[in-house]
Amino acid sequence: MIQKPPFDKLVLATHNKGKVREISELMAPLGVSTVSAGELGLAEPPETETTFAGNARIKALASARGSGMPALSDDSGLAVDGLDGAPGVYAADWAELPKSERERTGVRRDFDMAMWHVWDKLSASSKAPTARFICALCLAFPDGTSHVYEGTVEGEIVWPPRGDKGFGYDPIFRALGDVQTFAEIEPSEKHAKSHRADAFAKFLKAQFGA
Ligand code: ITT
């Protein structure tokens, strides 16, 4: 039974279009209207913490205070065991292009490069390819209150990259027991098992009693 939430409009505190799409799909059954931080023109705060929870809190509080509305952020990443948990909270940074190239092309991130970087380091280490996606969702209110919900999905790195349905590192991640990568499966299948869906289920239980 879904309870009435303590808000009917929520800011999605992210500028990542893949996340906006996935969180909007997860939110859809709740009847809460959403607007993204990008649509509101809210600035991206520096992510200065070393944990997913810490960075999620920074982003949610910045959007809640900037908009005067409750905000839900997502800090997530891929942790590869053979790379001692890297890229981890630096998952987006591994895809970041040099400033000169960003200015010349208008393109900010290159995930083909980031995925290659992961595979290059992992294959050089000859360690097992086990990995997990981690997601911290943070719900924050303009008064500074915040709640963090964390989720994970276990799996492994595969090479070469496969599929075009997801975003970020999805083409090289296969969940435990799966044959296809996260970029090959349908979005509905990803929502049944992803790190984001796991965190979202905890958020739902706490905030909506669902
Ligand atoms: P915001 O901070 O604006 O939310 P971001 O892309 O900078 O967007 P993060 O700092 O959390 O977000 O970086 C996490 C990166 O990890 C993200 O850019 C993705 O490439 C990757 N990532 C997170 N969840 C993923 C998923 O479900 N599938 C593939 N890659 C994912």
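Higher on the page you've got the structure.
Visitor: Explain the sheet that holds strand β4 (residues 130-140) to me, please; I cannot follow it from the model alone.
Guide: The pairing of strands in a sheet comes from backbone hydrogen bonds and takes either a parallel or an antiparallel form. Pairing in this open sheet of 6 strands is mixed, and the strands run β2-β1-β3-β4-β5-β6 from one edge to the other. Looking at which strands have only one partner, the edges of the open sheet turn out to be β2 (33-36) and β6 (173-175). The average angle at which neighbouring strand axes cross in this sheet is 35 degrees, direction not considered. Two strands pair when backbone bridges link them, and β4 and strand β5 (residues 146-157) are joined in this way by 11 bridges, in the antiparallel orientation. Within β5, the residue paired with I134 across the bridge is T152.

Visitor: Explanation requested: the pairing of β2 in the structure shown.
Guide: In regular strands, side chains alternate between the two faces of the sheet. As paired strands, strand β1 (residues 9-12) and β2 are joined by 4 bridges and run parallel to one another. Among the inter-strand pairings, L12 is bridged to a residue of β2, identified as S36. Tracing the backbone out of β1, into helix α1 (residues 17-27) and back to the parallel element β2 gives a crossover that is right-handed.

Visitor: Which parts of the structure should I look at to understand the packing of aromatic side chains?
Guide: Geometry of an aromatic ring pair is reported as the spacing of the ring centres plus the angle between the planes. This model, assessed by the stated rule, comprises 11 aromatic pairs. Judged by centre distance (5.4 Å) and plane angle (80 degrees), the rings of F111 and Y169 are edge-to-face. With a gap of 58 residues between them, F111 in helix α4 (residues 111-125) and Y169 in the loop between β5 and β6 connect regions that are remote in the sequence. Residue classification places Y169 among the buried residues on the basis of a relative accessible area of 5%. Every member of this aromatic cluster is reached through a ring pair, and the members are F7, F141, Y149, F200, F203 and F208.

Visitor: I'm lost on the site of the ligand in this one. Help?
Guide: Close to the ligand lie 22 residues; T14, K59, R109, D170 and K190 are nearest. One of the side-chain N or O atoms of K19 is found 2.8 Å from an oxygen atom in the ligand. Between the ligand and the protein, one listed contact pairs an oxygen atom with a side-chain N or O atom of K59 at 2.7 Å. The fraction of the free accessible surface of the ligand (610 Å²) that becomes covered by protein chains is 98%. Counting residues per element, the ones that place at least two in the shell around the ligand are β3 (71-80) and α6 (195-208). Considering every element that reaches the shell around the ligand, the biggest residue donor is β3, with 4 residues. A per-class count over the shell around the ligand returns 6 nonpolar, 7 polar and 9 charged.

So, how was this worked out
Residues numbered from 1 in each chain as written. Predicted model: local features only at pLDDT ≥ 70, side-chain atom pairs only at ≥ 80, totals over all residues. Heavy atoms only, no water. Pairing = 2+ DSSP bridges. Helix = DSSP H or I, 4+ residues; strand = E, 2+ residues; numbered from the N terminus. Axes fitted to C-alpha atoms, helices over the stretch in contact; angles between N-to-C directions. Right-handed = clockwise from strand over helix to strand, strands pointing away. Phe/Tyr/Trp six-rings, centres within 6.5 Å; stacked < 30°, edge-to-face > 60°. Buried < 20%, exposed > 50% of the residue type's maximum accessible area, 1.4 Å probe, protein only. Near = heavy atom within 4 Å. Polar contact = N/O pair within 3.5 Å; in protein donor to acceptor, adjacent residues only side chain to side chain. Areas by Shrake-Rupley, 256 points an atom, 1.4 Å probe, with all protein chains shown as cover. Nonpolar A, V, L, I, M, F, W, Y, C, P; charged D, E, K, R; others polar.

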